[in-house]
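Spelled out, the chains give:
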Amino acid sequence: MESRCENCIIRQFNSLRAMSKEELKQVSDSKTTRTIKKGEPIFEEGDKLNGVYCVRNGVSKLSKLSANGKDQIVKLASKGEVLGQRSVISQESTNLSAIAVNDMEVCFIPKESINNTLQKNPNFTLEVLRHMAHDLKEADDVIVNISQKTVKQRMAEAFLYLQNNFGEDAEGYLALTLSREDISNVVGTATESAIRIISEFKKKGLIQTSGKKIGIKDERKLLEMVEGF
């Protein structure tokens, strides 16, 4: 179902909220809504983008391929996030791939709509800058984490992050289910290590598992581990 940007609640989460009614109307007239199936790419590293993608539903993993052929997931983007903004504004090819973690609905907004508004509306430009600054800060945190925290600390932190950002289902498992490989790519370790640490956490009563699903049992212990106690 096509929905109008003017009536879309999701834009409150991103820089589109700084657009005027008229600008939103232009964006709405030019955008297209796309469904992306789980595992499909929205775009791949090195692509030239003709616009940005606003996430209406679902979650995407943003990752970079390292020299050893392993993906490092830098971010999980969900409802309200705008993907590809940096590439469109800098007119560079994408630095990351965006792959659907579950079935997604995204709105594709052609770059002309974004660039025109950037030139005319200083409030929008400021919002875009704020979002980019926030992304940079997150990227800094990822770098510091990988260089200063142990794999176990990063794993504990990843589970707490998933709980805080995506919540839990009725049975108390993390609502966003990631494959063991995706978890290892978030943490920055080999899949075998991730599997080993998950079973160690389970033995210690920190987490519970059911198939692919993981649930947090002892949040305090995980927090203490992250803090280095």
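Our subject is the structure that appears above.
Residues numbered from 1 in each chain as written. Predicted model: local features only at pLDDT ≥ 70, side-chain atom pairs only at ≥ 80, totals over all residues. Heavy atoms only, no water.

Draft legend 1. Representation of the packing of helix 3 (residues 111-120) against helix 4 (residues 122-148). Relative to each other, helix 3 and helix 4 sit at 110°, their axes nearing to 6 Å. One element, helix 3, and the other, helix 4, form an angle in the roughly perpendicular class. Read as a crossing pair, helix 3 and helix 4 show a hand that is left-handed. Counting all contacts with helix 3, which are made through Ile114, Thr117, Leu118 and Lys120, the residues of helix 4 involved are Pro122, Phe124, Thr125 and Val128. Its residues assigned to classes, the contact of helix 3 with helix 4 comprises five nonpolar, two polar and one charged. (Axes fitted to C-alpha atoms, helices over the stretch in contact; angles between N-to-C directions. Helix = DSSP H or I, 4+ residues; strand = E, 2+ residues; numbered from the N terminus. Parallel < 35°, antiparallel > 145°, perpendicular 65-115°, else oblique. Left-handed = near helix turned anticlockwise from the far one by under 90°. Contact = heavy atoms within 4.5 Å. Nonpolar A, V, L, I, M, F, W, Y, C, P; charged D, E, K, R; others polar.)

Draft legend 2. The sheet that holds strand 3 (residues 51-57), seen in detail. In space, the four strands of this open sheet follow the order 1-8-3-6, with antiparallel pairing throughout. Only two strands of the sheet have a single partner each, and these edge strands are strand 1 (32-36) and strand 6 (82-83). The sheet contact formed by strand 1 and strand 8 (residues 104-110) spans five bridges and is antiparallel. Considered in strand 8, the bridge of Arg34 is made with Val106. Running over the sheet, helix 3 touches strand 3 and strand 8 and is turned about 60° from strand 8. (Pairing = 2+ DSSP bridges.)

Draft legend 3. Highlighting the environment of Cys107. Among the secondary structure elements, Cys107 is positioned in strand 8. Between the C-alpha atom of Cys107 and that of Val55, which follows or precedes it by 52 residues, the distance is 6.5 Å. Aside from chain neighbours lying at most four places away, what touches Cys107 is Lys31, Thr32, Thr33, Val52, Tyr53, Cys54 and Arg56.

Draft legend 4. Just the sheet that holds strand 7 (residues 97-100), in detail. Spatially, 2-7-4-5 is the arrangement adopted by the four strands of the open sheet, whose pairing is antiparallel. With one partner strand each, in any of the chains shown, strand 2 (41-43) and strand 5 (71-77) form the two edges of the open sheet. In this sheet, neighbouring strand axes are inclined to one another by 30° on average, regardless of whether the strands run parallel or antiparallel. In this structure, strand 4 (residues 60-65) lies alongside strand 7, joined through four bridges in antiparallel fashion. Each bridged residue has a counterpart across the sheet, and for Ser60 the counterpart in strand 7 is Ala100. Across the sheet, helix 6 (residues 180-187) is in contact with strand 4 and strand 5; its angle to strand 5 comes to roughly 95°.

Draft legend 5. Geometry of the pairing of strand 3. Counted residue by residue, strand 3 has six buried out of seven residues, so it is predominantly covered. As judged from the six bridges shared by strand 3 and strand 8, these two strands associate in the antiparallel manner. Note on strand 8: the bridge partner recorded for Asn57 is Glu105. Looking at chain direction, strand 3 and strand 6 are connected through two bridges and run antiparallel. Among the inter-strand pairings, Cys54 is bridged to a residue of strand 6, identified as Val82. (Buried < 20%, exposed > 50% of the residue type's maximum accessible area, 1.4 Å probe, protein only.)

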